Amino acid sequence: MGIGIGIDTGGTYTDAVAYDFDAHRVRAAAKAQTTKADLSIGIGAAIDALPRDLVRSAEMISLSTTLATNACVEDKGGRARLLFIGVQPWVVERYGAEYGLPSDGEIFYLDGKTTAAGEIVRAPDWKSFLLSGAAWIRDACGVGIVDIDAMDNGGALEKQAREFLTRTWNIPVVCGHELFSDLNSLRRGSSVLLNARLVPLINEFLIATGTALRQRSITAPVVIMRSDGSLMSERFAEQRPVETLVCGPAASVIGGLAIAGEKDCLVIDMGGTTTDIAIVTGGVPRKAKEGVDVGKWKTFVKGLATRSFGLGGDSAVRFDGHGVMQLEPVRLMPLSVAASLWPSVTAKLADLVRLKPQGHPLPLHEFFCPQKDISASPAYTDAEKSFCQALRGGPLSFAEAAEAAGTSPYNLDMRRLEDEGAVLRSGLTPTDIMHVRGDFTRFDTEAAALGIAFFSSCLAVTPATLQKMVYEEVERKLYRAVVTVLLQDQYPSLAGSLSASAGLDELIDTTWGTARRGRGRGLLGLSFDTPAALVGIGAPIHLFLPAVAEALGTRCAVPENAGVANALGAIVGSIQVTRRVEIKPQYSIEGLTGYMVFGESGVVHTIDQATAIEEARKACRVAAREEAMRRGAQGEITVTTDVRISAPKTRDGEEVLLSIRVEATAIGKAHQVG
């Protein structure tokens, strides 16, 4: 018998499954709360809930997580820096925001130039950088380096910059050419900066997993899912955490298809922080064409074409400046969960309800909860450390937090501590509504009811009305997300404008109102429908997806084990690697004179096209196989190659060779079933 354990750590829950490779079925499944302060506790609890004999016989541990996805949606992560070489600042200022690049001091610019063969013509001014870059790099957790010409020179300047940075400041550094071979320097910069920001997050996850496994004497090899649904080794993930960018959503798609059996569908995974949607046609998930986009970030990460929306069971229920209830794309710890960990939360909420401060503009019912000890970290101010010290006795209400910070509640701002995970905010969420309605009652229902009572009094509505409002808002936002994905798929040329159109959101909302209540019909009627089934996975999805399916005139499928589909997807993947080599023709006045083959080991010159293609094939196959093995592939590895020639015709009908691209794909298993 061959058993594998799949573990998925989300923002709210950590799931685990024991999968039988021989019988191709789930033998057991479990769920535990994710413990942000120490992830190993939640991971260990999920493992302990599985039958011990299955865990002991496990031959492989496979991981997935939405931690990277959630960090991007909420714009959180470590303090990282991006070094651009040869990129003009005005280009980033004008176009960088389109790719998620920051406009503040996270980016440093250096000048430099090389030949196509990698010979350095003009080296960056390292002495000047040593003086001016010290303050820029002081509190960084990592640095990404992108040279605009790295794809043509083998990364010569990036390698030189890495050597200088590691020797001078002893800081983790990654070069753009080692991650991606695509040409857009701004998208490459976004990808590399994001990789640096995710290093502490994913390393913390891997260390926590290792701790949980060692404590239970589990020695099976560990792999982690990539964003394209394939697997990679633990060591590879440590170096390239950006490859996990949508590994959680990818795992949900793979797992959802495994248990649903649908051919044409949308796989919709609702967790605590995000809702992830993927389109499947003919049983095959769509892949992102250029790279994965999450939140504001546009990257070159190769992955499944999933869209992530800030909508989940732990989304913040708040009111705006006009006293209107809204659901924000930010995760809060539900009041019911906070009260189960710290009973003082319930008592403080009861005191708040007794005061009845109707119509108060501040979220007085929210709490600041302790997460990490930052007392020894030089990256935080004395005021921030003092505030975290005040939380050691337990959560502080909004008003208490302002007093501890020595400021007015109206001026309280702890966003940096929240963004970096040192402090976690607790407040009203759909999960709390679920507790009062009886749909989910795992935690403190009394605290949830008190939070609802206070919030409803601020809005001057009854608690029952507020509960209905929140559920309907989740359904409306889920409907909008599904329709947006379908529209962008149907009309790809409009994808950019569709994603940023407030008018489109209003139009979609109108069709939701028409479908649900028959409202909004005037001289023009409009509705959306789809023949694709909606496959729902994730713990709360069964509460909201049926209404969306009905509005779209289709059926909803929430299969067995839908709540742990991510963990299942993590264990049934394989390792797949694609490597690319570019061949560029060389021209002179006399015409075509030869070819340059840009392999990972250097540039090869040849005068014959067939020889150039054969050299590229060899380089690709070797690189793909070695990379597959580095990611953890074992046993037989299958390698295939593909050649694509770009030779457009002139007006006279003559073909002009521009480039030849050779790709090799290696596929292997991360486990050998005994």
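Everything below is about the structure shown above.
Residues numbered from 1 in each chain as written. Predicted model: local features only at pLDDT ≥ 70, side-chain atom pairs only at ≥ 80, totals over all residues. Heavy atoms only, no water.

Chemist: Help me understand the overall build of the protein chain in this model?
Modeler: For the protein chain, the count of helices and strands is 25 helices and 31 strands. Relative to the compact-globule value of 26 Å for 674 residues, the protein chain shows a C-alpha radius of gyration of 26 Å, a close match. Taking the principal axes of its C-alpha atoms as reference, the protein chain extends roughly 90 × 65 × 60 Å. Considering the protein chain as a whole, with its 674 residues, one finds that 54% of them fall into the buried category. Counting every atom, the protein chain has about 28800 Å² of accessible surface; 51% of that belongs to carbon and sulfur. The protein chain carries 69 positive and 78 negative side-chain charges, and their two centres are separated by 1 Å. (Helix = DSSP H or I, 4+ residues; strand = E, 2+ residues; numbered from the N terminus. Rg over C-alpha atoms; globule rule 2.2 N^0.38 Å. Buried < 20%, exposed > 50% of the residue type's maximum accessible area, 1.4 Å probe, protein only. Areas by Shrake-Rupley, 256 points an atom, 1.4 Å probe, with all protein chains shown as cover. Lys, Arg positive; Asp, Glu negative; His and termini not counted. Charge placed at Lys NZ, Arg CZ, Asp CG, Glu CD.)

Chemist: Would you mind showing me how to read the packing of aromatic side chains here?
Modeler: In this description, an aromatic ring pair is defined by two values, namely the gap between the centres and the angle between the planes. Here the structure, examined in full by the defined rule, presents 18 aromatic pairs. Feature note: the residues Phe108, Trp126, Phe129, Trp136, Phe164 and Trp169 constitute an aromatic cluster, connected by ring pairs. If you follow Lys298 out to its NZ or CZ, it ends over the ring of Tyr99, 5.8 Å from the centre. Between Lys584 and the ring centre of Phe598, over which it is positioned, the NZ or CZ distance is 5.5 Å. (Phe/Tyr/Trp six-rings, centres within 6.5 Å; stacked < 30°, edge-to-face > 60°. Lys NZ or Arg CZ within 6 Å of the ring centre and 35° of its normal.)

Chemist: Teacher, can you tell me more about the side chain of Thr273 here?
Modeler: Its place among the elements puts Thr273 in the loop between strand 13 (265-270) and strand 14 (275-281). Excluding its chain neighbours within four sequence positions, the residues that come into contact with Thr273 are Gly11, Asn70, Glu74, Phe309, Gly310, Leu311, Gly312, Ser315 and Arg331. (Contact = heavy atoms within 4.5 Å.)

Chemist: Is there a simple way to think about the sheet that holds strand 2 (residues 13-20) in this case?
Modeler: Sheets are built from strands that pair by backbone hydrogen bonding, the pairs being arranged parallel or antiparallel. Strand order in the open sheet made by the six strands is 3-2-1-4-11-12, with mixed pairing throughout. Only two strands of the sheet have a single partner each, and these edge strands are strand 3 (25-33) and strand 12 (231-233). Each adjacent strand pair in this sheet contributes to an overall mean axis angle of 25 degrees, direction not counted. Pairing geometry for strand 1 (residues 3-9) and strand 2, over seven bridges, is antiparallel. Each residue of the ladder has a partner; that of Ile5, found in strand 2, is Ala18. Across the sheet, helix 10 (residues 185-215) lies against strand 1, strand 4 (58-65) and strand 11 (222-225), angled at about 150 degrees from strand 4, the strand it touches most. (Pairing = 2+ DSSP bridges. Axes fitted to C-alpha atoms, helices over the stretch in contact; angles between N-to-C directions.)

Chemist: When you look at the nonpolar core in this model, what are you seeing that I'm missing?
Modeler: Inside soluble globular proteins, nonpolar side chains tend to come together where they are buried. Core analysis: the largest hydrophobic core is formed by 78 residues, its most contacted members being Ile268, Phe368, Leu417, Leu478, Tyr479 and Leu534. In terms of residue count, the dominant contributor to this core is helix 20 (residues 463-490) (eleven residues). In this structure Leu417 touches Ile374, Tyr380, Glu384, Phe387, Cys388, Ala422 and Val423, once residues within four positions along its chain are discounted. Core analysis: the next-biggest nonpolar cluster, separate from the first, contains 62 residues, Leu193, Ile224, Phe236 and Val301 among them. (Core = buried A, V, L, I, M, F, W, Y, C linked by side-chain atoms within 4.5 Å.)

Chemist: Got a minute to help me understand unusual backbone geometry in this structure?
Modeler: Trans peptide bonds make up the majority, and among non-glycine residues the majority have a negative phi. A positive phi is found at Ala460, a non-glycine position, where the angle reads about 60 degrees. A positive phi angle is found at Asn561, which is not glycine, with a value near 65 degrees. For Asn561, the position within the fold is in the loop between strand 26 (556-557) and helix 24 (565-571). The exposure class assigned to Asn561 is partly exposed, which follows from its relative accessible area of 29%.

Chemist: Help me understand the pairing of strand 28 (residues 591-599) in this model?
Modeler: A regular strand carries its side chains on alternate faces of the sheet. Most of strand 28 is tucked away: seven of the nine residues are buried. The pairing of strand 27 (residues 575-588) with strand 28 spans seven bridges and is classified as antiparallel. Note on strand 28: the bridge partner recorded for Gln586 is Gly594. Linking strand 27 back to strand 28 in an antiparallel pair, the connection comprises two residues. Both strand 28 and strand 29 (residues 602-606) contribute to a ladder of five bridges, which runs antiparallel.

The values reported here are purely geometric and, on their own, carry no functional implication.
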